[in-house]
Every structure is written in structure tokens, then in C-alpha cells.
Amino acid sequence: MRKGMAGLVTVLFCGALLAGGCAKKEMVKGEEGVVPPVTTEKPSETPPAKPSIKEEAVKEQPIKEAQAATETGKEQPVTAQAATELEKVFFDFDSFILTQPSRDTLSKNAKWLLKNSQVKVQIEGHCDERGSDEYNLALGEKRAKSAMNYLVTLGVPANQLSIISYGKEKPADPGHDEAAWAKNRRDEFVIIK
Amino acid sequence: MKKFLVGLLLLCIPSLLQAQQGYLEVTAPGNRQMQLAIAQPVSLFGAQNADIAKGISEVFNFDLTLAGPFTVMPAPPSENRSGIRPGEFDFAPWQAAGANLLIKSGYTLSADSLTIEFRLYDVSRGRELVAKRYSGKRGDLRKMVHTFSDEIMLAVTGERGPFTGKIAFVSKATGNKEISLMDYDGHNVQRLTKNSSINLDPDFSPDGRELIYTSYKRRNPDLYRRELFSGTEARISARPGINITGAWSPDGGKIALAMSKDGNSEIYTINKAGKQLARLTNNSAIEVSPAWSPDGSRIAFVSDRLGKPQVFVMNTDGSNVRRLTTSGAYNVSPRWSPKGDRIAYCRQTSAGFQIFVINADGSNDSQLTTEGSNEHPRWSPDGRFITFSSTRSGKEAIYVMRSDGSGQTRVSRGKGADSHPVWSPRWQ
Amino acid sequence: MRRALKRNEPGPGGMLVWSFLLHAALFFLVTQLNILSGVQPDNAPVYYVDVVNLPVARPRSGNPAGSTAGATEPAPPPAAPKPQPEEMRLPAKTTPPSRPKTATAAPSVKAKQDRQETTQDFEERLARLQQETESRHESAALDALRRRAAGRGKGQAGMPGAAGKEAGSDYSSYIQSRLKDAFKSTITFQSRTPEVRVRLTIDRAGHIVRQRIEYSSGDRLFEGAVLQAIAKAEKSFTPPPGGQDFEHGFVFKPQGVGKN
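Residues numbered from 1 in each chain as written. Chains lettered and ligands numbered in written order. Predicted model: local features only at pLDDT ≥ 70, side-chain atom pairs only at ≥ 80, totals over all residues. Heavy atoms only, no water.

To continue, consider the sheet that holds strand β29 (residues 397–402) of chain B. Strand pairs in the sheet, formed through backbone hydrogen bonds, run parallel or antiparallel to each other. Residue and element names in this part refer to chain B. Spatially, four strands are ordered β27-β28-β29-β30 in an open sheet, and the strand pairing comes out antiparallel. Either end of the sheet is taken by a strand with one partner, and the two such strands are β27 (374–379) and β30 (409–410). Note that β27 and strand β28 (residues 385–390) share four bridges and pair antiparallel. In the sheet register, arginine 378 faces β28, and the bridge partner there is threonine 387. This element, helix α2 (residues 50–67), spans β28, β29 and β30 of the sheet and lies at about 55° to β29. (Pairing = 2+ DSSP bridges. Helix = DSSP H or I, 4+ residues; strand = E, 2+ residues; numbered from the N terminus. Contact = heavy atoms within 4.5 Å. Axes fitted to C-alpha atoms, helices over the stretch in contact; angles between N-to-C directions.)

Okay, structure coming up:
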């Protein structure tokens, strides 16, 4: 019995050895198939003289300077003028919600607007410098829009109002502290014709 | 008998293992930089010109030091024979100096026309890897060297370098934010817009021939498309409210942007003529800054739908929205890497904005910058570098770093604040 | 099958015969296998002198072309006691390697000079330097060998932290250690788990006549480092033992990468 086992086991081992050997060969072969390109590299032919080198004319693609004449500021159609009668409205950080003082200010502004119904006003939304400029453009617009919506609920005709966001591009105070930031988180009212 | 069997087993196992391995393992610790030597450029015809020689060496030095895989060797050894072609010089002094790679340059200057021949050698194997000759004007010197730097990257890393690329950016040199263009290393600045209003968020078309940007020049933040070489310009989106953060799709067919025409800022796509509007997001929160995955199947964007701005990812039809960034209270400006595996973005921290990179699946969120406030990360077309703007040296300036955060180098030289860099695609 | 064997269970004598036959068969198979698997001298050497980890003045200049190297080298170490598994093989086949470096230094030097005449001065300077380190290697190596031959069979000597199966004092592990040495000064990669498998054929003069990349993970930078390492290491190769060509596969990896 034991010897029988021995025979069995030995035979198994032999099989295993053979299998191991075979497996290895197949494996290597397979990989050879997979990677043909890099074999023993040919020494790259050294171009002896000019002709064999790839000529590459370096031709700068002309990049035109801006056609300044055609676009300088003249396209700005509206002459903006700060409405001194209309007070600014201020906001908390990263917020477009109107505070109570803001609503009081807007009520005063609404009265003036209703009195001067021929005047068209653009509400400019501004942010402090801390946010990202893209996000602040969207936030500034929300600030302008919340002021406009409040004015409309107070009876100001919507066609008297428009909005624009400047994000953090036009700070009222160039400082870098909370006092400056608080002044910059604002809506301004600009009379346009 | 049993002992015998066990013994047999023990004897067979090692040879079994060995047979399956078949390879001897060769390992080494660390990840070294290759020692790169730049031979003194020589004149192939006519008198030597110190300016040309110095210019060549300097541009190579800047490009290849920034590249990452190389240490540029400070002083070239002296040579008995200093030809640039194979057989015209000896490898021995370079081998002795420990160089792995060697750049040989020869130039010919006649009047205003300049020809430079570059050759890259593998010093260890004594073999030429790539050789090119470029002809142009004397003023093309930097471009010629950048072009060969790109070739070197191709030969050594398998991926062409981005050094011939340009960076478009927003410059405040005139006091107004205008779009400008410069070589990636800050040379040859050209101003593109001169409208004295506010110009923002430039982005290149995939072929590098057109640029979109947002301008206030008609008193509303509208999206413009401009052909770089002709200067021709078209206003492609002037819908009421903002038309900002335009991002060109990888196939060039679409532009994703944020608009507020329907009430508040949402992500839309339009074609390059500004038509075929499609709305991708729809809620009461702010959505801005779309960024395409390189396969064009997904868009990362910023939304504050959970209270504070965070980066989200959605399919290009607006479905399957999921949040990408989970740490940090304020994450903006996502940009997908050209390989698609990572997303660079910008986080507001207690120490200003910092650039982070996160895997596209949300794992492995890591901070790359610490000094000053750093914004607007954009990848180079090969994904090896990230350009960004930083306030670390005072006013905002354009910087370049490797995508692991190493090698942070200022490239813009202007005195005005420079921001919003975008690295151009390769120019075919 | 078990039952059949049981029925025919032979006596003690038969058992012996059985055993002998099986052993013979196994022995035959193993040796046959060895032949089939090509020219590798052997597979499982146990005794190993680690050239790599011994002090080297400048790893970069791994270049043994000492013109008098052969003369001053100590005698080849006694043939290593045969490791256990090799009892299953033809003993005659596995004995020769001893230290091929010492045995065959002279022809290699000659070949070397033929190939690199232009750099003779440099080579000579290197050679002197190399010779010093080389002799240090040798004595250290001999010491290690003696210690091991005297004492424990599978000791800790050899590469620290290595499993012991790393290599042996045969030609393939000699080449392996040369490659490791050169690889240290060239390794660079840009992917997470780069791997390159190369099959090298070395002719009887010790020159690489063929190198075939059988697999690459695709990291071009790493491939360059491997090829540079091979080129550097080749300068220090000595001819294979027995005047035969030598062929073996080597897998290059960064240390500590891909092990877990």
C-alpha cells in the first residue's frame, strides 16, 4: 500500500515537473508573441550628411496682434452713471440673501424708482476677492437678481431694471481685510439710458 | 517511507518553482534622474556666436530641468574632438563625467537666417537617439530648441513634450484684464484683446487654432470665439445674464459653459457657432466651470447645491450626477487631466486657495501647492505639467509645475497681475 | 488503481526495486528537463556571493577590466558543496562555475581592449580603481564562502533580506549581480509598477550577441534604464564557463515594487 502510494505520488510529481516545464515554455513563448517590437535594437542609422536628416522648416505661424482699432472700448454702448440717489446694498459672505438693512435700503430705492419711472437702472452684483472668480460671477448675479426681485415685488416695473454681475472684478475697496471685503459684497445701481 | 515522501516533496518544490520563474530578478532601489549633459553648441559654418550658443544652452536647460526625468549637468567636460555627429567626438569624457544622455548642437548663422542641427545621444550605449535640423530666422532660436526638447521627451519617455506650446492667460498689464499669449516659458508675450473692458476664462479649441473667452466689452459677460492666426472674432453666446467659463469639448464640436438665462447659473452646451443649446443642470444652486473628460463622455463642474461650492461629475447629457470632492468646504475650478485619470482643482483653505489633484473616482485627494494663494490649474497637453496662477511672489503670476507638485517655477515675467493660464494643445 | 497496486503488493525486495526504478525515472526526468530548458547551468543554487552589496568605490564604474586582474586574484574558492536539490541532477554538470571571473579574466580584458581602444587611458584609470575594489570583493567573498561552507548550509550570507533563492555562485547569478550593480546607477521610471523582461545571449567571449525584450510594461523611461544598465554591465562580463554561449532571462523591476 505504502509503496503504491509512493508510486502514485512519484508519478504525480513527475507529472508536475513536466507540467511545470511545459507551462514555463508556453508562457515564454506567449510573451514573445506579445512583444515583437523592441528586439535587439538596430543601431539607429547615423545620417552621414544633410540629406538624410529630416528637414523641418521652422515656420512661425503668424499670430496677429489684436485688431485693436476694431474693438477698443467704442463698443461699450451705454454710458453708465452711478445713481447717487440710489444706495448700495450689502451682503454677507458667500450669500445673496437680503438682510433687513438691505431690504430697508431697497424700499427707499424703490420709492425713488417709482417716482422716476423714465429712468432705467442696471443693478450690478459684486463680490469680495475671496471666492473663485468664476463662482463669484455667478454669485454676483444672484445678488443682483435678489435685489431686482425685491424691487419688483415692491412695484417697480421689471422693464425699468436690468442686472449684470462683475463678480470680484470691480472691487469698491482694493483692501484685503474684512472691512474692505464687507464694502465689496454689494449691489450697485447704475442709471443707463 | 513517509519521511521519504516528505523528502521527495521538499526536493521537488524548489525546482518546480524555479522552473516556473525562468527569469532572474534584477532590482535596484530608488528612482534616479538621468544625468543630461548639454555640450557647448558649436558653429558648423562660419564664426562662433556666443549669443546663439548661450541661447541654445539656456533654453534646453530650462525645458529639461523642468521636465523631471533629468538632472542637467552643470559644466560640460572638455573634449579633444567636439564634433556633433557620430564619430566626430568621443563618448569617453562624457561617460567619465557620469552622463547618461548628451545633447549636441551645431548652428549656422548667415545674415538673419539660422539653421540648427540637434543630436541626442545615449552615452551609456554610445548611440544616437534622435537627430533633427531646423531652419528659420534668427528669432526662431527659442522655438527651435523647444521643438527639439519635445523630441527629446518623445525619445526618452515615449510621449512628446509640451514645450512648443503657448500659454494663453489674462493679463492686467494695461490695468484692464486682457487676453494674452506667451511661450510656455514666459517669452514672446503677445496681447490678443485690446478692448479695455474685462476679459476672462480663455480656453483653446482642441486644434489650438481658436480661443474662446468671456468679455464684457458689450456690457454683458458674453462668450466670444476668436481665430488666433487671423484675429477674426465672433460673439457666440450673448444670452441674458452671464455666459462664462466656456470649455471646448475634446472633439471640438461643442462648448460647455455656464449661463444664467433661465434664472440662475446652469451648465449648458452649445456648438461652436453658439447654436444647438442643451441644458445639462437644473436646480436653484449655482453651477459653473464645466470641464470635459478627455473622452468627452463626462463633465466635471462646480455646484453649491449642498451649500458650499464642490466639484461634481455628470454624464454629458446631465445624467448620473455624483459628488467628486468630499473634503474641504470650498472646491472650484476642476480640470480633467489629458489621460483622464485625474482631476486638478482648487480649494479654499485657511491659507488662501491651493491646487489639489484627485483621482477621477474620488480617491487619492492630494494637495500640490502650499505657498501663497494658487488658482486656475490647467494641464499641459501631455499631462506632465500643470500651469496655475499664484500670489506667492506678490502680484498674481503664472507658474508651471510637474503634476506631482514638484518643480514649481514662475514663468510669467510681466509686472501686472497675470492669471487664468491655459496651456495650448500641440499645434499640428 | 490503488486497489490494483494493493493486490500486487511486492515484498521488501520488490519494494526496493520499485523505489529504485521510480527514483531513476525521476532522476532521468529531472536531468532531461534540465536539458530541455536550455543552457542554464542550473536552477537552484544555494551558495551565493553578493558582489552587489560589497563596498564599491564608485558603483557607476563597475568595470573590471584590470589588465593584471588575473594574476593577483586569489585562487578560485573551493567548489561549493553541492546544494541538496542538485543531488537529483548530474553532478558533473553543475560543478564548473566556481568563480568564472577569476578563471577567465584575461581573455575578457583582451577583448575589451580591442573594443575600446579610444578610451584606453580612461579604462586604465578605472581598471586600477576597479582592481582594488575587485580584490576587496574577492577576499570578502571568499571569507563568506568559507564561513558558509564550514557552517550552516543555508545561512544568512548573501543578500541581506533576500530569500536565499536569489542566486548562486554560478554564471547566471554572476551576470545577475553585474546587472544589478549597473542598474543601480541607471534606474529611472515614470509608471507605478514598471517591468521589463529581457533574454540575453552572451557569446563565449563574454559579449552580448542578442538581447530580446520579451515583455515590457510599456514604460519607455524604464526600458531605457534597463538597456543602459545592460550596456554598462556588459563591459564587466567575463566569458561564460565551458566555452559555451549563455542564455538567460532577466526580469527588471524597481526594488520593492510589485512585491505586494
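On to the pairing of β28(B), then. All names here are of chain B. For β28, a buried count of six out of six residues is recorded, marking the element as mostly surrounded by other parts of the structure. Between β27 and the antiparallel strand that follows it, β28, lie five residues; glycine 383 among them carries a positive phi value of about 75°. In this structure, β28 lies alongside β29, joined through six bridges in antiparallel fashion. The residue of β29 that forms the bridge with phenylalanine 388 is tyrosine 399. Hairpin geometry of β28 and β29 is characterised by an intervening segment of six residues between the two adjacent antiparallel strands and by a positive phi of about 110° at glycine 394. (Buried < 20%, exposed > 50% of the residue type's maximum accessible area, 1.4 Å probe, protein only.)

Attention now goes to the environment of B:Thr391. Residue and element names in this part refer to chain B. Note that threonine 391 resides in the loop between β28 and β29. With 20 residues separating them along the chain, threonine 391 and glutamate 371 place their C-alpha atoms 8.3 Å apart. Those residues in contact with threonine 391, other than ones at most four positions away along the chain, are Gly372, Ser373 and Glu396.

Residue and element names in this part refer to chain B. A sheet is described by the order of its strands in space; here four strands give the open sequence β11-β12-β13-β14, paired in antiparallel fashion. Lying at the two open borders of the sheet, with one neighbouring strand each, are β11 (199–204) and β14 (233–237). Each strand axis lies, on average, 25° off the axis of its neighbour in the sheet, ignoring direction. Two strands pair when backbone bridges link them, and strand β12 (residues 210–215) and strand β13 (residues 222–227) are joined in this way by six bridges, in the antiparallel orientation.

The relative placement of two packed helices is expressed as an angle between their axes plus a distance between the axes. Residues and elements named next belong to chain B. Direction vectors running N to C along α2 and helix α4 (residues 141–157) enclose 40°, while the axes themselves pass 9 Å from each other. Judged by the angle between their axes, α2 and α4 are oblique. Note that α2 runs across α4; the crossing there is right-handed. Along the contact surface, α2 presents Ile52, Gly55, Ile56, Val59, Phe60, Asp63, Leu64 and Ala67, while α4 presents Leu141, Arg142, Val145, His146, Phe148, Ser149, Ile152 and Met153. Here the contact of α2 with α4 is built from residues that sort into eleven nonpolar, three polar and two charged. (Parallel < 35°, antiparallel > 145°, perpendicular 65-115°, else oblique. Left-handed = near helix turned anticlockwise from the far one by under 90°. Nonpolar A, V, L, I, M, F, W, Y, C, P; charged D, E, K, R; others polar.)

Let us look at the confidence of the model for chain A. Mean pLDDT for chain A: 69, with 56% of residues reaching 70 or above. Counted against residues more than four places away or in other chains, residues 7–79 of chain A, with its pLDDT under 50, gives 137 contacts. (pLDDT = per-residue confidence, 0-100.)

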